[in-house]
Amino acid sequence: MTRHIRKVAVIGSGVMGSGIAAHLANVGIPSLLLDIVPKEVTAAEKAKGLTLEDKAVRNRLSSVALQKLGKQKPAPLSSKEKLSYIEAGNLEDDLHRLQEVDWIIEVIVENLNIKQQLLKVIDEVRKPGTIVSSNTSGISIEAMSQGLSDDFQGHFLGTHFFNPPRYLKLLEVIPTAKTKEDVTTFMKAFAEETLGKGVVIGKDTPNFIANRIGTYGLLVTVDEMIKGGYSVGEVDSVTGPLIGRPKSATFRTLDVVGLDTFLHVAKNVHDIASGSEKEMFDPPAFMKEMGEKGWLGSKSGQGFYLKQGKEILEIEPSTLEYNERKKLKAPSIERAKQAKKLTDKIDILTYSDDRAGQLIWNIVKPVLLYSADKVYEIANDIYAVDQAMKWGFGWELGPFEMWDAIGVAKSVERMEAEGETIPTWVKDMLATGQESFYADNCFYHDGKQEPKPVNEKIIHLSSLKPDHVIFKNSGASLLDIGDDVALLEFHSPNNSIGADVIQMINKSIKEVEQNYKGLVINNQGKNFCVGANLMMILMEAQDDNFFEIDLVVRQFQQAMATIRYSEKPVVTAPFGMTLGGGTEICLPSASIQASLETYMGLVEVGVGLIPGGGGNKELYLRNLENSDGKDLQSVAIKTFETIAMAKVSTSAHEAVNHGFLGAHDGVVINGDLLIDRAKREVLHLDAKGYRPPERAKIPVVGESGYATMLLGAKTMKFGGMISDHDLKIAQKLAFTLSGGRVPKGTLVDEQYLLDLEREAFLSLVAEPKSQQRMQHMLTKGKPLRN
């Protein structure tokens, strides 16, 4: 049986339900968002003459949820237009419409009886074969479906999304003993490829995998803070990136999640646990008191931290008063910061005997032991546990990977010396002579090495080195990724563009034109590319070495032309921050295959410049191509505003609205599949007999258009919205885009526009105020308005 999910019903329009509907909309799947019918009208509804019989009142809960989606930060929707994919309704008037959908997701209150009542109604209405799932974070999936039809139980499972659904990768899929195997297999594949999720199969136990381990780890940390006399800020200063955890560390994470949510999740385990586990899942009294006071974190304005003006204060657990935030200072912290590898940082901290080392050991040790004790109760293997913690909690290393980092045998010896009981299976592993959970792309399972699950569509560049490296320099490498496709990978600091990267672009395209079907430009760093090497540009400018800057800009422009006019297709695959020069590399490519979470923008005005690698011309050309016959002035103004206002897309879909992506480009929901998608696009273009675009003359708006663009900038200046230097930058940008002193409609060649761009760039880089902006960005990490 071939399964499809073309339409979905989400029942429950709270933050989680509406967030799931929003993410379905992001991937192009329409949904019904249903909730209960209100029991009374509001004062505002009464003033409009509405009654309980009016649709606007009956759909109020889901309608209000849709209104909130457009205002939430971070945005649940990848573009405002996606809201049209969600239809508001209610569980009385629209219940029959459950027959229209292929998947029904229950996202209502965490109460077993209420869930059972709803699922009974769904069973009576749904068409046979419709998949039904619950987004519960801890209630038994099997208990919910007891007594329902065989077809319902065969198509019922847990699908536990993490909040916010658009941004957190983890989806825990929890089948019951009666869930059909093909339903589980289908949902896993659908969630990975269509929803972009990282899926782990969990067992039907309280809090499933990630919340079970993560909640335990957070409570252990709180417990150690109290026992060791650490402050909230001290704990957070060492339990973040230093040990491979998110910047929000421990208590900032709790503030973001919400203390009420955390206390509820802890209660799920506390109610069924016994002994020391039950004791650990009983949060300390001060946290319960904070909950009673409504100090829930970000949602209530205060929690473990309180912002007063520009100062952030931390709570003192013993008094519940807020004091100045502290940071832990210890020799091991400084040594860990000097280490390059995360595994070395963790090893240094774990085995140091200062306050930082004691804290880390005393919170890592119990989490490792607890994970080893519970692994086969909550999951099928250690790999599932590690993946769940990385995708759900943002850990760089899962618990078993972390255990490998500190040495399993060495740490077990210390644990036993401290009187700890080591799970039998861990000791059995060590007894065989194997001293790590992972080795050679395999993991330890049931007495032997088990290969990690392989998805053929996920290409790991690290696994291709060094055998598949064609050539490389300090800034980039050219790799053979199979099927006669090459990939250019940036690995300069922050993947910034300097002379080394430019050299590799030219050299790579020459190689590809001779020996390959096409080229992908991508990397697997934190961001695709944050732009040109600003430090180099500033240093040359301060040394009045404008000849060198002019040469680099010419080379950059030429390299971008090489991408545009390559005889073989060049496909760029951006993700994350794709700013300035990063966007300029993408714009001339034959196709852009962008990850959904791609933040594109020509942001050079923020450092007192305009794009210098052909970005002005390329964005103008893209807007011209998508103009649908609109007049040139509209195209020029849109391009001018996008660059002058340094607009950055908050998603790949928004990048379409800004003109960065067009009809021949694509959006990839699952970033893990990005290289595969880009490679397939290269092969597709090659199979079609790819030919580069012809060099053609470009119509410009000329002097009259320049005056029109400048008028808008001057109006903003007179209104006090921009500075004199902002106006100067706007003048240079408008002159470049307009084509200079020529009549409207004049056809100019690309080199003419590139020369205007380069002249404007060089004049601005010599300006003291532009240099101040560059200096400020490099030292402070944010733009200067001068």
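Going along each chain's sequence as written, the residues are numbered from 1 onward. Local features in a predicted model are, by the rule used here, given only for residues with pLDDT of at least 70; side-chain atom pairs are given and counted only at 80 or more, and totals for whole chains, interfaces and linings are based on all residues. With hydrogens and water stripped out, all remaining heavy atoms of the structure feed into the side-chain values.

Focus on the side chain of T250
Link 1 in the chain: In DSSP terms, a helix is any run of H or I states spanning at least four residues, a strand is any run of E spanning at least two, and both are numbered starting from the N terminus. You can see T250 is positioned in the loop between α10 (232-238) and α11 (251-257).
Link 2 in the chain: Each residue is placed in one exposure class: buried if its accessible area under a 1.4 Å probe, protein chains only, is under 20% of its type's maximum, exposed if it is over 50%, and partly exposed if it falls in between. Look at T250 and you get buried, because its relative accessible area is 4%.
Link 3 in the chain: Residue contacts follow a heavy-atom distance rule, with two residues in contact if any of their heavy atoms lie within 4.5 Å. With residues near it in sequence (within four places) discarded, T250 still touches L218, T221, V235, D236 and T239.

Here we look at the environment of K180
Link 1 in the chain: With respect to the secondary-structure elements, K180 resides in the loop between β7 (170-175) and α8 (181-193).
Link 2 in the chain: Remark: the alpha-carbon pair of K180 and I378, spanning 198 residues in sequence, is separated by 20 Å.
Link 3 in the chain: If sequence neighbours within four positions are ignored, K180 has contacts with G154 and H155.

Section: the packing of aromatic side chains
Link 1 in the chain: The criterion for an aromatic pair is that two Phe, Tyr or Trp rings (for Trp, the six-membered ring) have centres within 6.5 Å, with stacked assigned to planes under 30 degrees apart, edge-to-face to planes over 60 apart and tilted to the rest. All chains considered together, the criterion is met by 21 aromatic pairs.
Link 2 in the chain: Plain terms: the ring middles of Y216 and F281 are 6.0 Å apart, the flat faces sit at 40° to each other, and that makes the pair tilted. Of this pair, Y216 sits in helix α9 (residues 210-228) while F281 sits in the loop between α13 (275-280) and α14 (285-293); the two residues are 65 residues apart in sequence, bridging distant segments of the chain. For the residue pair Y216 and F281, the accessibility class agrees, reading buried in each case.
Link 3 in the chain: When the centroid spacing of 3.8 Å and the interplanar angle of 5° are considered together, the rings of Y216 and Y370 count as stacked. Of this pair, Y216 sits in helix α9 while Y370 sits in helix α17 (residues 355-378), placing them 154 residues apart in sequence.
Link 4 in the chain: Counting every residue linked through ring pairs, the aromatic cluster contains Y376, F400, W403, W425, F437 and Y444.
Link 5 in the chain: The rule is short: NZ of Lys or CZ of Arg within 6 Å of the ring centre and within 35 degrees of the ring normal puts a charge over the ring. The residue whose ring lies beneath K293 is W295, and the NZ or CZ to ring-centre distance is 5.2 Å.

Section: the packing of α9 against α17
Link 1 in the chain: Note on geometry: axes are C-alpha line fits, over the in-contact stretch for helices, and angles between N-to-C directions span 0 to 180 degrees. Closest axis-to-axis distance for the α9/α17 pair is 9 Å, and the angle between their directions is 150°. When the axes of α9 and α17 are compared, the pair comes out roughly antiparallel. As α9 packs across α17, the resulting crossing turns out to be right-handed. Every residue of α17 that contacts α9 at R212, I213, Y216, G217, V220, T221, E224 and G228 is listed here: R355, L359, N362, I363, P366, V367, Y370, S371, K374, E377 and I378.
Link 2 in the chain: Think of it as three bins: nonpolar holds Ala, Val, Leu, Ile, Met, Phe, Trp, Tyr, Cys and Pro, charged holds Asp, Glu, Lys and Arg, and polar takes everything else, Gly as well. Across the contact of α9 with α17, the residue classes break down as 9 nonpolar, 5 polar and 5 charged. Oblique is the label for every angle not falling under 35 degrees (roughly parallel), over 145 degrees (roughly antiparallel), or within 65 to 115 degrees (roughly perpendicular). Crossing handedness: left-handed means the near helix sits turned counterclockwise from the far one by under a right angle, and right-handed means the same turn made clockwise.

Considerations on the sheet that holds strand β11 (residues 321-324)
Link 1 in the chain: Between any two strands, pairing holds if DSSP finds at least two bridges. Spatially, the 3 strands line up as an open sheet ordered β9-β10-β11, and their pairing is antiparallel. Strands at the two margins of the open sheet, each flanked by one partner only, are β9 (305-308) and β11. Each strand of the sheet is rotated relative to its neighbour by a mean of 40°, with strand direction disregarded.
Link 2 in the chain: By the bridge criterion, 4 bridges tie strand β10 (residues 311-316) to β11 in an arrangement that is antiparallel.

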